[in-house]
Amino acid sequence: MADMTHEASLPVAQAPPLTDSFDRTKLEIVPLKGLPIVAAALIALIVVIANDWPWGLTFFHVVGGGLWTAIDLFFGFMVGPIIGRLSVPARIDFSARFMPKMLLLMPTLVLITMAAGWQLGNHLGFTDASYFRHSWIVASYIVVGVMSVIALGILEPANLAVLFELKKPKPNGELIGRLMRRYIYTAGVTGAMQIATLIIMTRLGSP
Amino acid sequence: MSDLAAGLERPEMPDQESLPPVTEVAVASMILIVIGGIYMASHLPHHAPVVLPIIVLVGSVLLIAWNALTLSRVREFSWSTFWLVGRWAVIAYIVIAGMLLYVFVKDGTRGSQLTLVTLMLITYAVNVPLLLAFGAARYQPPDD
């Protein structure tokens, strides 16, 4: 306790620096260190699909889909509004570190969820038009279709454009702000689609 | 942000109004493919009537062709950024489309259905990289 008290009373001048120096102009738009992890996940997915392992298919679909939904909702409704209230330099610093990771993570999660989910649905007979809850399955296709158009048509191009702008020595703040507003505009639709996904998937999983 | 950029010259970018509506057209093309894909998937394991998928596929290809044509006429543009992003995005989306195609083949999709699915995935693997490359390059300084 005495040590803790002593540490807590250190003068501010002696406190360690809060952040490492970060050269934004050298940021990696696609984090190369993450590529082996993505490759490993995709190879594992191919092995599972090739061998039709039900547990593996369920694992990839549930884990991938759970992360996809949770990240979308958490980012859209909790992190996004917080970022919006940060100072501009803090927002830039956060985006430059955070968005390259999202550029790698989200397409991987989407691919894993969809490929494993399709194969799993085939095994369980869910993709068969004669399945008694076929309308729910078609609804899930529509939800995924809407989300893919928003992600690939609106958000990913904005994400890339922001990263290229952040690499410039003199980033255009107005442009970054304009592009980032797309996340706010689409958060409602994405959130609604993700909640619809939860409703559909829990309905399909219920007796 | 203005405080960050104060006293510094900003890099130029092409006049955004002068650029063709590549993003909007590419999104329309993508929506057509999504409609075709949902229509076909909802008929499984029976073969869906091919008329609607063929119409949306042709429409989607025409929109991509229009995009490529109008984009090729743009002079003041960062073509280096366009090709840099486009090249890597094509590789990524070949992997994605290839994996999806593998799943369809493994599940026994054959004949006209497989042909249509393959063409739709190829269209998707061309359209998305085009969209990403244009989206990144449009705000970059034009090449000399």
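This text goes with the structure placed above it.
Residues numbered from 1 in each chain as written. Chains lettered and ligands numbered in written order. Predicted model: local features only at pLDDT ≥ 70, side-chain atom pairs only at ≥ 80, totals over all residues. Heavy atoms only, no water.

A. Expanded view of the nonpolar core. Residues Leu45, Leu160 and Leu166 of chain A together with Leu71, Phe77, Phe82 and Tyr93 of chain B are the most contacted members of the largest nonpolar core, which totals 92 residues. With 15 residues, the single largest contributor to this core is helix H5 (residues 134–166) of chain A. The contact partners of Leu166 of chain A, leaving out residues within four places of it in the chain, are Arg24, Leu27, Ile92, Ser95, Ala96, Pro171 and Ile176 of chain A. (Core = buried A, V, L, I, M, F, W, Y, C linked by side-chain atoms within 4.5 Å. Buried < 20%, exposed > 50% of the residue type's maximum accessible area, 1.4 Å probe, protein only. Helix = DSSP H or I, 4+ residues; strand = E, 2+ residues; numbered from the N terminus. Contact = heavy atoms within 4.5 Å.)

B. Summary view of the side chain of Ser95 of chain A. Residue and element names in this part refer to chain A. In this fold, Ser95 is placed in helix H4 (residues 88–124). For Ser95, a relative accessible area of 6% gives the class buried. Sequence-distant contacts of Ser95, that is, excluding residues within four places in its chain, are made with Pro100, Leu163, Leu166 and Met180.

C. Up close: the packing of helix H4 (residues 79–106) of chain B against helix H5 (residues 111–137) of chain B. Residues and elements named next belong to chain B. Remark: H4 packs on H5, axes separated minimally by 8 Å, with the N-to-C direction vectors making an angle of 155°. Put simply, H4 runs roughly antiparallel to H5. Considering how the two elements wind past one another, H4 and H5 form a crossing that is right-handed. Of the residues belonging to the contact of H4 with H5, the class tally is 24 nonpolar, three polar and no charged. (Axes fitted to C-alpha atoms, helices over the stretch in contact; angles between N-to-C directions. Parallel < 35°, antiparallel > 145°, perpendicular 65-115°, else oblique. Left-handed = near helix turned anticlockwise from the far one by under 90°. Nonpolar A, V, L, I, M, F, W, Y, C, P; charged D, E, K, R; others polar.)

D. Region of interest: unusual backbone geometry. One non-glycine residue, Asp52 of chain A, lies in the positive phi region at around 50°. Note on placement: Asp52 of chain A falls in the loop between helix H2 (35–51) and helix H3 (54–85).

E. Up close: the packing of aromatic side chains. In this structure the tally under the stated criterion is 13 aromatic pairs over all chains. With a centroid separation of 5.9 Å and 80° between ring planes, the pair formed by Phe59 of chain A and Phe60 of chain A is classed as edge-to-face. (Phe/Tyr/Trp six-rings, centres within 6.5 Å; stacked < 30°, edge-to-face > 60°.)

F. Spatial organisation of the environment of Ala151 of chain A. All names here are of chain A. Within the element layout of this structure, Ala151 appears in helix H5. Linking Ala151 and Tyr183, residues 32 residues apart in sequence, is a C-alpha distance of 9.8 Å. Here Ala151 is in contact with Glu156 and Pro157, once residues within four sequence places are set aside.

G. The arrangement of a nonpolar patch on the surface in detail. Residue and element names in this part refer to chain A. Judged by side-chain polarity, Trp55, Phe59, Val63 and Leu67 come together as a nonpolar surface patch covering roughly 470 Å² of accessible area. Structurally, Trp55 is set in helix H3. For Trp55, a relative accessible area of 75% translates into the label exposed. (Patch = residues over 30% accessible without salt bridge, like charges linked within 9 Å, V, L, I, M, F, W, Y side chains within 5 Å. Areas by Shrake-Rupley, 256 points an atom, 1.4 Å probe, with all protein chains shown as cover. Salt bridge = Lys/Arg side-chain N within 4 Å of Asp/Glu carboxyl O.)

H. Geometry of the packing of H4 of chain A against H4 of chain B. The N-to-C vectors of H4 of chain A and H4 of chain B enclose an angle of 5°; their axes lie 10 Å apart at closest approach. With respect to their mutual orientation, H4 of chain A and H4 of chain B come out roughly parallel. Only Ile96, Met99, Leu100, Val103, Phe104 and Lys106 of chain B of H4 of chain B make contact with H4 of chain A, whose side of the interface consists of Leu111, Ala115, Trp118 and Gln119 of chain A. By residue class, the composition of the contact of H4 of chain A with H4 of chain B is eight nonpolar, one polar and one charged.

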